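Structural overview
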Amino acid sequence: MAKAIEITNKRYPKLLKQIPGAPSKLYYKGKWDPEIFNNCLAVVGSRRMTRYGKDCTRAMVTAAAEAGLTIVSGFMYGIDAAAHQAAVDAKGRTIAAMPCGIDLIHPAYQDKLYQEILDNNGLILSEYPAKTEPQNWTYPQRNRIVAGLSQATLVVEAALKSGSLITARLARQYKRRLFAMPGPVNNVTSQGTLKLINDGAQMAVCPQDILTFYGIDTAAISKKQRDAVSPLEKKIITALVFGPMEIDELILRVKLPINELSATLSLLELNGFIKEYSGKYHLNAEVLDRAG
Amino acid sequence: MLVKVMSAAHCGLDTIGIDVEVNMAARGLPIFDIVGLPSKAVAESKERVRTAIFNSDIEFPQRRIIVNLAPADVPKDGSCYDLPIAVGVVSMVMNFDVPANSLFFGELSLDGALRHTKGTLLAALYAREKGVKNIFVPVDSANEAAVVDGVSVFGVKNLNQLTAHLLGQQLIEQVKYQDNKEAINHDAEFDMAEIAGQTQAKRAIEIAAAGGHNCLMVGSPGAGKTMLARALAGILPVLTERESLEVTKIYSVAGRIAAGGSLVKLRPFRSPHHTISQAGITGGGSIPQPGEISLAHRGVLFLDEFNEFPRSVVEALRQPMEDGTLTISRSKEQVSYPSRFMLVASANPCPCGYLHHPTRPCICSVREVEKYRKRISGPILDRIDLHVDVPVVDVEELSRNAEMKKLQESSAVIRERVIKARKVQTQRFACDTVCANAEMKNRHISKYCRLLPEAKQILLKSSARFALSARSYFKVIKVARTIADLGSQKEISCDHIAEALRYRPKLKEEL
């Protein structure tokens, strides 16, 4: 059963209220937690997503969601869906603004993603009641919610004439920060983002570019990560401080069966503490600095 | 006077029935001829048969004798028609009826004795399938044929013995199958305990053996890659009954079962040299014979110095690695051989071999190293489940280390674990076509590999971070499944995925 919230309600998102023509009534599904609107990042892009676009979206969104940002997008297939998916995979919260009535899933085959968004404490939003069919004009209308909810908008891939550029224009109009990710210059879906950069949008190359805007320090995150290592992991790091080691040396040093040691090493590698090459385990440079 | 004797012909692993028709004409000039697309070996059969009959003190009739091998349009090869032809001729001389419902198969020696003949097992299997009651084969091949129950196998020493049996004077005893004791001798060249250190590589080998995974070892010369691969032979479980029959069939057709040999029990371990030709690895010839990959069926194909193998040979492995069978097409016939093998490859890290070596400097340029690595094609690397580095270790120091000694398990101990893991798999795949974890396709993975939520999360995270391809992603799950089986765990946990990630393909950046 869809619920609704009026613009007069105190819990109506403040940022959205500021925009001209803000929807007077928002239908929603999921749990309405005002905190979800605190740090929103809109991630939009082409339906004709390339592999490059998919990978970049995933990398950006994963980092952003892990840092606690809410990812806002339009639930369309392509970049939108990739952004939602990456967010739920990282167990982050994400908001989908629908171009259709709140009781419809559009596109219908993304029903699994729809459910995953709700399962991860996300929200589905729409200004249209019940089973209103999506129309040509509801898509750009929906874009103003996407841009309006977010402090910043990231455009990943867009053609010169596309809905993503509409969202970008709106974000600019609302005086929000606009990020664009550069792409191959010979690709149609890069032309829009390249033009945005030319026109003054901030270029987003790595997650830190965006996180800095939100005042999130990745160094602080990695400190948090470092403090989170288990005693076992700490033992391995301490052993490696004195130089790269082969597995046999490590085994003798930390006295663990090979299967447990291998698993721990993988986790350390996954979290960026160590690297394995030439048959030896090496501590990453930045970890070395901190440990020293 | 016309006599018909039943025999069999092989076309790859398929067998077709052959009617050997021997006709002795009442008139016409004395002649002895074979028709029905005989190959050279079959055509020469008439000389062997004539001499063998003569040397068995049986008179060879001076009549017009024509032998037809029907169906006439199937090419016949091999020496197995000697016995049926001789029986046909002798039956007319000695005046006895060729017993109905009996199949004859075997090569004659000039003195009338029968020689070990290849493909006897398949002939016996064919006999059972067609409901033939008796099969007469050379005594040396009889044990091989006796594997098949439901058929009476008679091991024939020589023509005279057979004549006496068929005349009812002195019967030949039926052969009972006997397992060859030596067939289950596990002793490999090296025991795992003999290898100092290399804990990671040993673990990789153990996982490979448990799940039938392909494995690539990279390391400098002398690091112990070959030794590890040879030790692998000692930790493999014996073949199951079904597998054993499959393997024995291939070996029987290839003529690789020794005289008096029994079922192949140990997993084959094939290590062809890198000068091997494409036909050598896949099988071939105008009448296609099984190649190394089929001989390695259900066992190990060890390719030492993997980069040195010609590209054509390596690429030829791709399709059989996926499908488990290999079809060889020649103008005369098309033959399929099973080829579900476990690939174990070893390679040097660079052309000179001493990249990252602790004491010897490497003399290769970065470009040379890159070029060298490119020689192994991406698709092949992508099909290898376990990638492991074999660093050079200070063997002397390690062997002096008492603690390390304690950690070095013997092959027998590891084999026990491998057998246990295989048992779990046999139960799991009881009503499926696959036998081992490595053979799982994506649909099996979703059916049999339940990942705990944290495990899934780690996997997703790593697939983004380590840029795993879709195939590698599933390979990690498969390897994790095997690791879980080794630990007798039903569900795949975070630790299993994490350990499996250790053996993921190494990227160029890790050069």
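As a convention, each chain's residues are numbered from 1 in the sequence order in which they are written. Chain letters and ligand numbers both follow the written order, the letters beginning at A and the numbers at 1. Two thresholds apply to this predicted model, a pLDDT of at least 70 for residue-level local features and 80 or more for giving and counting side-chain atom pairs, whereas whole-chain, interface and lining totals are computed over all residues.

The next point concerns the overall build of chain B. Of the regular secondary structure elements, chain B holds 22 helices and 18 strands. Taken along its principal axes, the extent of the C-alpha atoms in chain B is 85 × 45 × 45 Å. Note on burial: count the other C-beta atoms lying within 10 Å of the residue's C-beta; 20 or more is buried, 12 or fewer is exposed, in between is partly exposed, and C-beta positions come from the backbone. Looking at chain B as a whole, 47% of its 511 residues are labelled buried. Under the scheme used here, helices are H or I runs from DSSP no shorter than 4 residues and strands are E runs no shorter than 2 residues, and both carry numbers assigned from the N terminus.

When helices and strands are tallied, chain A shows 13 helices and twelve strands. Across its three principal directions, the C-alpha atoms of chain A cover 65 × 45 × 35 Å. When the 292 residues of chain A are sorted by exposure, 47% land in the buried category. Partitioning the intrachain contacts of chain A with sequence separation of at least 6 by distance along the chain shows that 69% fall at a separation of at least 24. Any pair of residues counts as being in contact when their C-beta atoms, constructed from backbone geometry, are within 7 Å of one another.

This next bit is on the packing of helix H21 (residues 470-486) of chain B against helix H22 (residues 494-501) of chain B. All names here are of chain B. It is the contact of H21 with H22, at a shortest axis distance of 8 Å, that shows an interaxial angle of 120°. Between H21 and H22, the crossing angle belongs to the class labelled oblique. You can see that H21 and H22 cross each other, and the crossing is right-handed. Residues Val476, Val479, Ala480, Ile483 and Ala484 of H21 lie in contact with H22, whose contacting residues are His496, Ile497, Glu499, Ala500 and Leu501. Tallied by class, residues from the contact of H21 with H22 come to eight nonpolar, one polar and one charged. Under this scheme, a helix contributes an axis fitted over its contacting stretch, all axes are lines through C-alpha atoms, and angles between N-to-C directions fall in the 0 to 180 degree range. The scheme is simple: roughly parallel for angles under 35 degrees, roughly antiparallel for over 145, roughly perpendicular for 65 to 115, oblique for anything else. Crossings are classed by handedness, with left-handed meaning an anticlockwise turn of the near helix from the far one by less than a right angle and right-handed meaning a clockwise turn. Each residue gets one label: Ala, Val, Leu, Ile, Met, Phe, Trp, Tyr, Cys and Pro are nonpolar, Asp, Glu, Lys and Arg are charged, and the others, such as Gly, are polar.

Of all hydrophobic cores here, the largest spans 153 residues; its most connected members are Ala86, Ile135, Ala145, Leu232 and Ile497 of chain B. When neighbours within four sequence positions are excluded, Leu232 of chain B is seen to be in contact with Ile205, Ala209, Val300 and Val344 of chain B. We call a set of buried Ala, Val, Leu, Ile, Met, Phe, Trp, Tyr and Cys residues a nonpolar core when their C-beta atoms link them within 7 Å. Ile71, Ala81, Met181 and Ala201 of chain A belong to the second-largest nonpolar core, a separate cluster that totals 65 residues.

As a further point, take the domain arrangement of chain A. The start and end points of each domain follow an automatic or database-based domain assignment. Domain annotation for chain A reports domain 1 (3-216) and domain 2 (220-291). Between the C-alpha centres of domain 1 of chain A and domain 2 of chain A there is a distance of 38 Å.

Residues and elements named next belong to chain B. With respect to the element layout, Ser109 can be found in the loop between strand S6 (107-108) and strand S7 (114-115). Under the C-beta neighbour-count criterion, Ser109 is labelled partly exposed, with 16 such atoms within 10 Å. Spatially, the C-alpha atoms of Ser109 and Gly36 are 23 Å apart, while their sequence positions differ by 73 residues. Leaving out residues up to four positions away in the same chain, Ser109 has contacts with Ala52 and Arg115.

Listed by partner, the interface residues are 21 residues for chain A and 29 residues for chain B. When contributions to the side of chain A that touches chain B are tallied by element, the ones reaching two or more residues are helix H2 (51-66), helix H11 (247-254) and helix H12 (258-270) of chain A. Here the side of chain A that touches chain B gets eight residues from one element, more than from any other, and that element is H12 of chain A. Here the residues of the side of chain A that touches chain B are counted per class, giving ten nonpolar, six polar and five charged.

Turning next to helix H8 (residues 225-232) of chain B. Residue and element names in this part refer to chain B. Among the residues of H8, those classed as buried are Lys225, Leu228, Ala229, Ala231 and Leu232. Down the axis of H8, the buried set is contained in an arc of 160°. They therefore lie on one face. As for H8, its buried residues are in contact with helix H7 (199-211), strand S10 (215-218), strand S14 (300-303), strand S17 (342-347) and helix H18 (411-428). Directions from the helix axis toward the C-beta atoms define the arc.

Between H12 of chain A and H7 of chain B, the shortest axis-to-axis distance is 10 Å and the interhelical angle comes to 100°. Considering the angle they form, H12 of chain A stands roughly perpendicular to H7 of chain B. Seen from H12 of chain A, the contacting residues are Ile258, Asn259 and Ser262 of chain A; seen from H7 of chain B, they are Thr199, Gln200 and Arg203 of chain B. For the contact of H12 of chain A with H7 of chain B, a count of residues per class yields one nonpolar, four polar and one charged.

Next up on the list: helix H4 (residues 120-129) of chain B. Helical geometry note: an α-helix holds 3.6 residues per turn, so side chains three or four residues apart project in the same direction. Of all ten residues that make up H4 of chain B, eight are buried, and the element is covered over most of its length. Burial in H4 of chain B covers these residues: Thr120, Leu121, Leu122, Ala123, Ala124, Leu125, Tyr126 and Ala127 of chain B.

Residue and element names in this part refer to chain B. By this definition, two strands are paired if DSSP reports at least two bridges between them. The five strands lie next to each other as S11-S14-S17-S10-S18, forming an open sheet whose pairing is parallel. Both outer strands of the open sheet, strand S11 (269-270) and strand S18 (386-389), are each paired with one neighbouring strand and no more. As paired elements, S11 and S14 share two bridges and run parallel to each other. Paired with Arg270 across the two strands is Leu301, which belongs to S14. Sheet contacts for H7: S10, S17 and S18; angle to S18, the most-contacted strand, approximately 160°. In this fold H8 packs onto S10, S14 and S17, with an angle of close to 165° to the strand it touches most, S17.

This paragraph deals with the sheet that holds strand S10 (residues 245-246) of chain A. All names here are of chain A. With respect to topology, three strands assemble into an open sheet ordered S10-S12-S11, the strand pairing being antiparallel. In this open sheet, the two edge strands, each paired with only one partner strand, are S10 and strand S11 (274-277). Of the pairings in the sheet, the one linking S11 to strand S12 (residues 280-283) comprises four bridges and is antiparallel in character. Residue pairing across strands places Ile274 opposite Leu283, the latter belonging to S12. Where H12 meets the sheet, its contacts fall on S11 and S12, and the angle it forms with S11 comes to roughly 115°.

Let's shift gears to the pairing of S17 of chain B. Sheet faces and side chains relate simply in a regular strand, where the side chains alternate between the two faces. Residues and elements named next belong to chain B. Across the six residues of S17, six count as buried, placing the element largely inside the fold. Of the two faces of S17, the one lined by Met342, Val344 and Ser346 and the one lined by Leu343, Ala345 and Ala347 are each fully buried. Two strands pair when backbone bridges link them, and S14 and S17 are joined in this way by four bridges, in the parallel orientation. Residue pairing in the sheet places Val300 in a bridge with Met342 of S17.

Moving on to the domain arrangement of chain B. Residue and element names in this part refer to chain B. Each assigned domain of chain B is listed with its residue range as follows: domain 1 (2-166), domain 2 (184-409) and domain 3 (440-511). For domain 2 and domain 3, the distance between their C-alpha centres works out to 23 Å. Between domain 2 and domain 3, the residue contacts involve twelve residues of the former and 15 residues of the latter. The set of elements that each furnish at least two residues to the side of domain 2 that touches domain 3 consists of H7, helix H15 (378-382) and S18. At four residues, H7 tops the list of elements feeding residues into the side of domain 2 that touches domain 3. Residue composition of the side of domain 2 that touches domain 3, grouped by class: seven nonpolar, three polar and two charged.

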